[in-house]
Amino acid sequence: MGSDKHTHLPGPTYEDDSPKQSTALLSFGAGSAGRDDRSCSCRSARIASKVVFVSLILVTCVAVSVAVAFSFLFFSAASSPGPAPVISIVRNSPLSPVVADAIARPLKKLKKDVVILISSDGFRFGYQFKATLPNIARLIANGTEAELGLIPVFPTLTFPNHYAIVTGLYPAYHGIIDNRFVDPNSGDVFTMASHETKWWLGEPLWETVVNHGLSAATYFWPGSEVRKGSWDCPEKFCRHYNGSVPFEERVDSVLEYFDMDNGEVPVFMTLYFEDPDHQGHQVGPDDPQITEAVIRIDSMIGRLIDGLEKRGVFDDVNIIMVGDHGMVGTCDKKLIFLDDLVDWIEIPASWVQSYSPLLAIRPDSSISPSDVVEKMNEGLSSGKVENGMYLKVYLKEDLPERLHYSASELIPPIVGLVAEGFKVEQKRSRHMECGGSHGYDNAFFSMRTIFVGHGPRFASRRKIPSFENIQIYNIVTSILGIKGAPNNGSSSFPESILLSKP
Ligand SMILES: [Zn+2]
């Protein structure tokens, strides 16, 4: 388990652990903007007296156009498995021509559009290939999938990401900047059991839905028990987190919502599973236990599908299956100890808000954060600190902008980025472990998770480029036909991946 895990209930808990990292790097190159070259210079051709000559020119133009069109299609297709697609690419390359004209399938039984948002915690992108997963495969085959995975926000931890998914905001703006942190003004401590409204900024989807006079039902989701605005976590529709509730019971409870009078079925539901994150922390991402956990999640998806089919609503429901982050293997040889920096600067444990993979440091107010950063980096790059080259420390305002991790006073002034799979600890100990972790730079492919959309608003057999999970808020409000709150997602994103309403 991750060292900074905070258990507040028996049994499985909301999963997390935090990391960081230094190297990064998604390619931010623009998408292959295929050039439309249909305007060949035929027009300038003088009217020749010989019809044959003109015909030859026309034939040549057509041939060139066809060649250009084919190469555009070829390079568009070939670009998907290449460098990690980034949001800018997604925003600029919305629809394939086939989908652009496709219309959402009309509802057969339900009176309103419904979204079930499912999270499988720590479902690293690629887990779907670990075994035969007939149910997830069915959603993928008949739905829309982020072909190279969903990109989490930084830090790639459970609470910051789950709340980003339902608010469309980066953690600096939604307030949950870590799984555990201290408010520097009040001294109050946020933990994964904190339900006080003051911590949870933004407008989560359940609140947006209720604001529009519709019903939402949450079967666990970080933040769902917080009373905010018109959302008062009603007993009927808001489950209080209890990790010991069997997955089957969660699925069955969601299915029961569809037994209500048709007009009363909540239009937005969440469903949360702690696995395979739970196992991932213990054994790392490549272990038979992960395969077993993933198979179990698949069977829960199957249970959900079966129940929806029995009620005749499977084709009417929009299912969005995501994870919150990925997972990477960690081991005791990949450690960096803050005490090893003592020849440059002493970092007392009291300054450290979280170690790993998110290293967050708030020095005493009498100490200059800039000096701390300078001395730490001097030591780390000296070649004299074990694994020092795998940690780089920043003033938060100097972090790469793509991390969006500075615009909150809750974020400590010093943040370290840890290389993939490395961890930071205060001092050497006999404690040795190998396992898994997450929380690192969201540019790491290992931190990606899955996105699958299935239902009347999602095209079948469609692959889309990777995108950040802050886009999901707008996807859901768009499906439900309601106006969302301002957020960090792109307002035009949903139309690039959803089928339009009939
Ligand atoms: Zn998680």
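Undergrad: Break down the pairing of strand E6 (residues 268–273) for me, citing the residues and quoting the values.
TA: Two faces, one strand: in a regular strand the side chains alternate between the faces of the sheet. Of all 6 residues making up E6, 6 are buried, and the element is well covered by its neighbours. Where burial is concerned, the two faces of E6 agree: the one with Phe268, Thr270 and Tyr272 and the one with Met269, Leu271 and Phe273 are both buried. Here strand E5 (residues 216–219) runs beside E6; their pairing, made up of 4 bridges, is parallel. Its bridge partner being in E6, Ala217 is matched across the sheet by Met269. Crossover handedness for the path E5 to helix H8 (residues 247–257) to E6: right-handed.

Undergrad: An account of the sheet that holds strand E13 (residues 414–418) is needed here, citing residue identities and associated values.
TA: With respect to topology, 4 strands assemble into an open sheet ordered E10-E11-E13-E12, the strand pairing being antiparallel. Two strands bound the open sheet, and with one partner strand each, they are strand E10 (352–354) and strand E12 (391–395). In this sheet, adjacent strand axes meet at a mean angle of 25° when their direction is disregarded. Where E10 lies against strand E11 (residues 359–361), 2 bridges are found, and the strand directions are antiparallel. Looking across to E11, one finds that Val352 is bridged to Ile361.

Undergrad: Explain helix H11 (residues 369–380) to me, using residue names and the numbers behind them.
TA: The terminal C-alpha atoms of H11 lie 16 Å apart, and with 12 residues this matches the ideal 16 Å at 1.5 Å per residue to within 8%. Listed in full, the buried residues belonging to H11 are Val372, Val373, Met376, Asn377, Gly379 and Leu380. The buried residues of H11 occupy an angular sector of 160° when the element is viewed end-on, so they sit on one face.

Undergrad: Could you give an account of the packing of aromatic side chains, naming the residues involved and the relevant values?
TA: In this structure the tally under the stated criterion is 22 aromatic pairs. For the ring pair Phe190 and Trp199, a centre distance of 5.6 Å and an interplane angle of 70° mean the geometry is edge-to-face. With respect to burial, Phe190 and Trp199 carry one shared label: buried. Ring-pair connections join several aromatic residues into one group, and the members of that group are Phe159, Tyr163, Phe181, Phe190, Trp199 and Trp200.

Undergrad: Requested: an account of the packing of helix H4 (residues 134–141) against helix H10 (residues 288–310), with residues and values cited.
TA: Where H4 contacts H10, the axes come no closer than 7 Å and their chain directions differ by 65°. Contacts between H4 and H10 pair Pro134, Asn135, Ile136, Arg138 and Leu139 from the former with Asp298, Ser299, Ile301, Gly302, Ile305 and Glu309 from the latter. Partitioning the contact of H4 with H10 into residue classes produces 5 nonpolar, 3 polar and 3 charged.

What counts as what
- Residues numbered from 1 in each chain as written.
- Predicted model: local features only at pLDDT ≥ 70, side-chain atom pairs only at ≥ 80, totals over all residues.
- Heavy atoms only, no water.
- Buried < 20%, exposed > 50% of the residue type's maximum accessible area, 1.4 Å probe, protein only.
- Helix = DSSP H or I, 4+ residues; strand = E, 2+ residues; numbered from the N terminus.
- Pairing = 2+ DSSP bridges.
- Right-handed = clockwise from strand over helix to strand, strands pointing away.
- Axes fitted to C-alpha atoms, helices over the stretch in contact; angles between N-to-C directions.
- Expected span 1.5 Å × (residues − 1).
- Arc of directions from axis to C-beta.
- Phe/Tyr/Trp six-rings, centres within 6.5 Å; stacked < 30°, edge-to-face > 60°.
- Contact = heavy atoms within 4.5 Å.
- Nonpolar A, V, L, I, M, F, W, Y, C, P; charged D, E, K, R; others polar.

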